[in-house]
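In case you want the letters, here they are:
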Amino acid sequence: TSKDDPKDAHLLLDILTLHRGHLRRLDPDTVETRKLQILVEERRKLVDEQTGHSNQLRAKLKLYYPQAVRWLGELTSALAGDFVNRWPTLPQLQRVRPKTIRDFFYQHNCRDKEWIEQRLEEIPQAVVATEDAAVVEGSVAMVKALVAVLRVLRTHIAEFDRQIAAALAVHPDLAIVRSLPGAGEVMEPRLIAAMGTQRDRYPSACELAAMSGIAPVQQRSGQSCIVHFRWACPKFVRQTFHEWAGHTIAHS
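Counting from 1, residues in each chain are numbered in the order their sequence is written. Selection of residues for local features in this predicted model requires a pLDDT of at least 70, selection of side-chain atom pairs for listing and counting requires 80 or more, and totals for whole chains, interfaces and linings are taken over all residues. The basis for every side-chain value is the complete set of non-hydrogen atoms in the structure, without hydrogens or water.

Caption draft 1: Looking closely at the side chain of Gln67. Residue placement: Gln67 occurs in helix H3 (residues 66-72). Here the term buried applies to any residue with accessible area under 20% of the maximum for its type, exposed to any over 50%, and partly exposed to those in between, with areas from a 1.4 Å probe on protein chains only. Here Gln67 falls in the buried class, since its relative accessible area comes to 11%. Side-chain atoms alone can form a polar contact between residues adjacent in sequence; in general such a contact is a pair of N or O atoms within 3.5 Å, and within protein one must be able to donate a hydrogen while the other accepts it. Separated by 2.7 Å, the side chain of Gln67 and the backbone oxygen of Val127 make a polar contact. Between two residues, a contact is recorded if the distance between any of their heavy atoms is within 4.5 Å. Residues within four places of Gln67 in sequence aside, it is in contact with Leu90, Ala126 and Val127. We count a stretch as a helix when DSSP gives it H or I for four or more residues in a row; a strand needs E for two or more, and each element gets its number in order from the N terminus.

Okay, here's the thing in structure tokens:
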């Protein structure tokens, strides 16, 4: 039968009162490690917000200005934000001299001449997706708001990156994670945060795999045996190990 909250509470109470010998005390990790844990997890939340807002921006642009999505590529970049903020509609962009657009790209450290010239050729030939003033004006207002939000997120993500790099540089386990294949600057602080510095917390790799959600769950009943994904786990830790596993492929 499925359990409800009162039954779960009684089950936890029984474990605590009758089987306390099987429980291990959880001691807090070092200050340096907990600082990294907080920084990398909070940074991930900001990145997720950035992704959500960039998806909103892409959807709005596709309504009335789909060329911008194809021309600009990554919409979270400063170049994309400044571009649509300066020329929020296709007609406004088409009234600008090619030299002005070329200078804009150069000022944003985009110096691929072939890439720029291709866009300068396409701009005069582009056709507006809609001439509905209600759709265009409403979308432009939202696009400018999203660009402003993305600018703030980009600034704070960069600040988190600075603090993470500073905390990582003085962490005593840096040499260990730096020796791991495929770790790199991005994964090093996340691996320290995921594994911690308490060596006795996970007596075996199996326990770490189960805690992090890497190991699947096996359910048996009579003759049946079902293996399924582990849902109850720290999602960010599981994502860290999955992403690191992907990076290690090139070093295998």
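Caption draft 2: Expanded view of the packing of helix H10 (residues 184-195) against helix H12 (residues 235-248). Only C-alpha atoms enter the line fits that serve as axes; for helices the fit covers just the stretch in contact. Angles between N-to-C directions range over 0 to 180 degrees. Orientation of H10 relative to H12, taken along the N-to-C sense of each, is 135°, at an axis distance of 10 Å. The orientation of H10 relative to H12 falls into the category oblique. Handedness of the H10/H12 crossing: left-handed. In contact with Met187, Arg190, Leu191, Ala194 and Met195 of H10, H12 contributes Phe236, Val237, Gln239, Thr240, Phe241, Glu243, Trp244 and His247. Only Asp, Glu, Lys and Arg are considered charged in this grouping, and only Ala, Val, Leu, Ile, Met, Phe, Trp, Tyr, Cys and Pro are considered nonpolar; every other residue, Gly among them, is considered polar. Its residues placed into classes, the contact of H10 with H12 shows eight nonpolar, three polar and two charged. Note on angle classes: values under 35 degrees are labelled roughly parallel, values over 145 roughly antiparallel, values of 65 to 115 roughly perpendicular, and the remainder oblique. Helix crossings get a hand from a simple test, with the near helix turned counterclockwise from the far one by less than a right angle marking a left-handed crossing and a clockwise turn marking a right-handed one.

Caption draft 3: Inspection of the environment of Ala250 at higher detail. The residue Ala250 is located in the segment after H12 in this model. Judged by its relative accessible area of 72%, Ala250 is exposed. For the pair Ala250 and Gln219, spaced 31 residues apart in sequence, the C-alpha separation works out to 35 Å.

Caption draft 4: Here's a closer look at the pattern of salt bridges. Between Lys or Arg on one side and Asp or Glu on the other, a salt bridge is scored when a side-chain nitrogen of the former is within 4 Å of a carboxyl oxygen of the latter. Inspection of the entire model under this criterion finds eleven salt bridges. Of the charged contacts in the structure, one is a salt bridge between Arg25 and Asp27, with a shortest N-O distance of 2.8 Å. A residue is classified by how much of its surface remains accessible, and Arg25, at 72% relative accessible area, is exposed.

Caption draft 5: Representation of the state of the cysteines. By disulfide we mean two sulfur atoms from cysteines, separated by a distance within 2.5 Å. Within this structure, the stated rule accounts for zero disulfides. Here Cys233 is not disulfide-linked; the sulfur of Cys206 is the nearest cysteine sulfur, at 16 Å.

Caption draft 6: Structural context of helix H6 (residues 98-107). Every buried residue belonging to H6 is among Ile101, Phe104 and Phe105, and all of these are buried. Projection of H6 onto a plane perpendicular to its axis shows the buried side chains occupying an angular sector of 95°, all on one side. At its buried positions, H6 is contacted by helix H4 (78-86), helix H5 (90-94) and helix H7 (113-125). Phi turns positive, to about 60°, at Asn109, one or two residues after H6. Of all possible arcs, the one meant is that of the directions from the helix axis to the C-beta atoms.

Caption draft 7: Structural detail: the nonpolar core. We call a set of buried Ala, Val, Leu, Ile, Met, Phe, Trp, Tyr and Cys residues a nonpolar core when their side-chain atoms join them within 4.5 Å. One finds Leu61, Tyr65, Phe83 and Leu93 to be the most contacted residues of the largest nonpolar core, which totals 31 residues. Where this core is concerned, the elements lending two or more residues are helix H2 (31-64), H3, H4, H5, H6, H7 and helix H8 (133-169). Per element, the largest residue contribution to this core is six residues, and it comes from H8. When residues no more than four places from it in sequence are discounted, the contact partners of Tyr65 are Phe83, Trp87, Pro88, Thr89, Leu90 and Leu93. Ala167, Leu174, Tyr202 and Val237 belong to the second-largest nonpolar core, a separate cluster that totals 20 residues.

Caption draft 8: Spotlight on the side chain of Glu122. By the element assignment, Glu122 lies in helix H7. A polar contact is formed between the side chain of Glu122 and the side chain of Trp71, at a distance of 2.7 Å. The residues touching Glu122, leaving out its near neighbours within four places in the chain, are Arg70 and Trp71.

Caption draft 9: Layout of the pairing of strand S1 (residues 217-221). Strand pairing requires that DSSP identify at least two bridges connecting the strands. Relative to strand S2 (residues 224-228), S1 runs antiparallel, the two being bridged by five bridges. Opposite Ser221, over in S2, you have Ser224 as the bridge partner. Hairpin connection between S1 and S2: a loop of two residues separates the two successive antiparallel strands, and Gly222 in this loop has a positive phi of roughly 65°.

Caption draft 10: The arrangement of the packing of aromatic side chains in detail. The rule is short: rings of Phe, Tyr and Trp, with Trp giving its six-membered ring, pair when the centres are within 6.5 Å, and they are stacked under 30 degrees, edge-to-face over 60, tilted in between. For the structure shown, the criterion picks out eight aromatic pairs. Here the aromatic rings of Tyr64 and Tyr65 are separated by 5.8 Å at their centres, their planes lie at 45°, and the arrangement is tilted. The class for Tyr64 is buried, based on a relative accessible area of 3%. We classify Tyr65 as buried; its relative accessible area is 0%. Judged by centre distance (5.1 Å) and plane angle (85°), the rings of Phe105 and Trp115 are edge-to-face. One end of the pair, Phe105, is in helix H6; the other, Trp115, is in helix H7, with ten residues separating them in the sequence.

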